[in-house]
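# What the coordinates show
This is what each chain is made of:
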Amino acid sequence: MFVDKIKVKIKAGDGGNGAISFRREKYVDKGGPSGGDGGDGGSIYFVGKSGLTTLVDFRYNRTIKAANGENGQKSNCFGKKGEDVYINVPIGTVVKNIDTNRIVADITKDGETVLIAKGGKGGKGNAKFANSRNQVPRIAENGDAGENYNALIELKLLADVGMVGFPSVGKSTLLSVLTNAKPEIADYHFTTLKPNLGIVSIDGEFDFVLADLPGLIKGAHEGKGLGISFLKHIERCRVILHVIDMSSRDQRDPYEDYLTINEELRSYNVDLEKRPMIIAANKMDEDVSQLFLEEFRKKVSDVEIFPISALTREGLEPLVKKLYELVQTTPEFPLEFNEENFREYTLEDKQDTSEFFVKKDNDVWVIYGENITRIFNKINMSSDAGVLRFLKVMRGLGIEDELRKQGIKEGETVRIEDLEFVYYE
Ligand SMILES: Nc1nc2c(ncn2[C@@H]2O[C@H](COP(=O)(O)OP(=O)(O)OP(=O)(O)O)[C@@H](O)[C@H]2O)c(=O)[nH]1
Ligand SMILES: [Mg+2]
């Protein structure tokens, strides 16, 4: 089964909460604070692994989780760290965060290890809050939540040579005679619904990966036919093999076919033009093909043409040799990233945003925003000291100023998450 796209939930471990406790030892005066820190939550990593070719393993595992950190304990005992999770994925795996529409990882090498979701940091125990002014701190931090999001995991084919062409020109037939692959072959359009891969061996020693792609038609880049979803697979092929039906069986002109497909490639991604391309003029076993080929040669002089018959297996050797030579001399085409769609995910990024929002919902002033939620969740609100600390943070962030600016009056209610309190100057 060929799984090339799958949605999963990603959930790194939460950090454990810091503990509040005090020493009660015989000779220790008053007993100092001794609440240990919570352990960090486990992170999730993907590791590129050559040999894996599908995402099928994810079919049965739609949620990927790492363990939470344990809570801190008394007597300065730290909570245990949640274990990190490493998952092997095929090379060519791209992970996208659907919630933010950003690419989290693009795995292109064997052994490449990428952080997919960072575990939450453990909260500090009260021992960490002791200072000269406050020797009996009754506050501890809760652990941060582990990063979690909905992900789309996609597999981009990493073929060396990708075949493009109209439906029924013989792409799958060619793949079946050059490799061990057994793609479906039939005399109707769009026989191939998903790309097939095969390995072309030369003298059993050198080889390259050949991909047979679903047929393209005019408007493919806008989603016509099988459309854009398969054009992306050629993004990374080093070499393009343009297969053309020289027998003009479908009453199309081979030269027009050639122009149309090139236009589709160009409309989808200009870069494709930079890849070396050669032409397989197929179905040369048909009577009319020779005439069409002569016409074609007159119009196309800048691209090398290899007359072949996939059916009778004629003319294949020079074609394969040329493809191999091009694969050897053409660099890989990594996906191009720009700031917009690529960002490595770290929790630190989020901590930097100090923004919050204030709105009035009926009579209640509501304060919200990612950062404020994070701080709120971090502070242990079950103690007065915790609440006081939170109010201090609010002041520090300028929330109080903003409320005043927007006209809050004494006695009005303020709400943050599930905490409501009355505002006094
Ligand atoms: N005469 C002749 N027929 C061929 C040749 N190569 C393929 N065909 C026939 O053309 C038809 C289509 O072949 P496929 O290999 O399925 O074509 P395709 O390009 O993969 O088509 P789609 O998957 O629909 O895009 C089949 O009936 C093949 O037998 C050839 O060299 N000569
Ligand atoms: Mg096919």
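One can find the structure itself at the top, above this paragraph.
First, a word on what this report is: a plain description of the structure on this page. A quick note: this is a predicted structure, and the numbers were derived from the prediction, not measured.

Bringing the overall build of the chain into the picture now. Looking only at helices and strands, one finds 9 helices and 18 strands in the chain. For the chain, the proportion of its 425 residues judged to be buried stands at 49%.

Turning our attention to a negative patch on the surface. On the surface, a cluster of negative charge is made up of Asp285, Glu286, Asp287 and Glu314. Turning to its location among the elements, glutamate 314 is positioned in the loop between β14 (305–307) and α5 (316–329). Since its relative accessible area comes to 52%, glutamate 314 is described here as exposed.

Moving on to the site of ligand 1. Around ligand 1 there are 23 residues in total, and Ser168, Lys171, Thr173, Thr192 and Asp285 lie nearest to it. At 3.2 Å from an oxygen atom of ligand 1 is found a main-chain nitrogen or oxygen belonging to valine 169. The backbone of glycine 170 places a nitrogen or oxygen atom 3.0 Å from an oxygen atom of ligand 1. Look at ligand 1: alone it shows 650 Å² of surface, and the protein chains cover 91% of it. No other element matches helix α1 (residues 171–178), which puts 3 residues into the shell around ligand 1. Taken together, the residues that form the shell around ligand 1 break down as 8 nonpolar, 10 polar and 5 charged.

Right, let's get into the packing of aromatic side chains. Applying the stated criterion to the full structure yields 5 aromatic pairs. Taken together, a centroid distance of 6.4 Å and an interplanar angle of 70 degrees make the contact between tyrosine 255 and phenylalanine 296 edge-to-face. Within this pair, whereas tyrosine 255 is found in helix α3 (residues 254–268), its partner phenylalanine 296 is found in helix α4 (residues 289–299), the two being separated by 41 residues in sequence. Given a relative accessible area of 1%, phenylalanine 296 falls into the buried group. Members of the aromatic cluster, joined through ring pairs, are Tyr255, Tyr258 and Phe296. Over the aromatic face of tyrosine 368 sits the side chain of lysine 359, whose NZ or CZ is 5.0 Å from the ring centroid.

Right, let's get into the side chain of aspartate 245. Mapped onto the elements of the fold, aspartate 245 is located in strand β12 (residues 239–245). Overall, the relative accessible area of 4% leaves aspartate 245 in the buried class. In this structure the side chain of aspartate 245 is engaged in a polar contact, spanning 2.6 Å, whose partner is the side chain of serine 247. Those residues in contact with aspartate 245 that lie beyond four places of it in its chain are Ser168, Val169, Pro254, Asn282 and Lys283.

Okay, the nonpolar core next. Ranked by internal contacts, the top residues of the largest apolar core, which has 52 residues, are Leu174, Phe208, Leu241, Leu265 and Leu319. Per-element accounting of this core gives the leading share, 7 residues, to α5. Here phenylalanine 208 is in contact with Asp160, Val161, Gly198, Ile199, Val200, Ile202, Val320, Leu323, Tyr324 and Val327, once residues within four sequence places are set aside. Within the second largest apolar cluster, 23 residues are counted, among which are Ile6, Val8, Ile10 and Ile44.

To continue, consider the packing of α3 against α4. Taken N-terminus to C-terminus, the directions of α3 and α4 make an angle of 45 degrees; their axes are 9 Å apart at the nearest point. Taken together, the axis directions place α3 and α4 in an arrangement best described as oblique. Of the residues in α4, those in contact with Pro254, Tyr255 and Tyr258 of α3 are Phe292, Phe296 and Lys299. A breakdown of the residues in the contact of α3 with α4 according to their chemical character gives 5 nonpolar, no polar and 1 charged.

Moving on, we get to the packing of helix α7 (residues 370–378) against helix α8 (residues 384–397). Packing of α7 against α8 leaves a shortest axis separation of 11 Å and a crossing angle of 155 degrees. Considering the angle they form, α7 stands roughly antiparallel to α8. In the packing of α7 onto α8, the handedness of the crossing is right-handed. Counted together, Asn371, Ile372, Ile375 and Phe376 of α7 and Phe390, Val393 and Leu397 of α8 form the full contact between these two elements.

This part is about the sheet that holds strand β15 (residues 357–361). Reading across the sheet, the 4 strands line up as β15-β16-β17-β18 and stay open at both edges, with mixed pairing between neighbours. Each end of this open sheet is capped by a strand with a single partner; those strands are β15 and β18 (419–422). Averaged over all neighbouring strand pairs, the angle between strand axes comes to 25 degrees, with direction disregarded. The strands that α8 touches are β16 (364–368), β17 (413–416) and β18; relative to β18, the one it contacts most, it runs at about 80 degrees.

Turning to its location among the elements, valine 358 is positioned in strand β15. Discounting residues that sit within four places of it in the chain, valine 358 has contacts with Trp365, Val366, Ile367, Tyr368, Glu402, Leu403 and Gln406.

Basis of the calculations
Residues numbered from 1 in each chain as written. Chains lettered and ligands numbered in written order. Predicted model: local features only at pLDDT ≥ 70, side-chain atom pairs only at ≥ 80, totals over all residues. Heavy atoms only, no water. Helix = DSSP H or I, 4+ residues; strand = E, 2+ residues; numbered from the N terminus. Buried < 20%, exposed > 50% of the residue type's maximum accessible area, 1.4 Å probe, protein only. Patch = residues over 30% accessible without salt bridge, like charges linked within 9 Å, V, L, I, M, F, W, Y side chains within 5 Å. Areas by Shrake-Rupley, 256 points an atom, 1.4 Å probe, with all protein chains shown as cover. Salt bridge = Lys/Arg side-chain N within 4 Å of Asp/Glu carboxyl O. Lys, Arg positive; Asp, Glu negative; His and termini not counted. Charge placed at Lys NZ, Arg CZ, Asp CG, Glu CD. Near = heavy atom within 4 Å. Polar contact = N/O pair within 3.5 Å; in protein donor to acceptor, adjacent residues only side chain to side chain. Nonpolar A, V, L, I, M, F, W, Y, C, P; charged D, E, K, R; others polar. Phe/Tyr/Trp six-rings, centres within 6.5 Å; stacked < 30°, edge-to-face > 60°. Lys NZ or Arg CZ within 6 Å of the ring centre and 35° of its normal. Contact = heavy atoms within 4.5 Å. Core = buried A, V, L, I, M, F, W, Y, C linked by side-chain atoms within 4.5 Å. Axes fitted to C-alpha atoms, helices over the stretch in contact; angles between N-to-C directions. Parallel < 35°, antiparallel > 145°, perpendicular 65-115°, else oblique. Left-handed = near helix turned anticlockwise from the far one by under 90°. Pairing = 2+ DSSP bridges.

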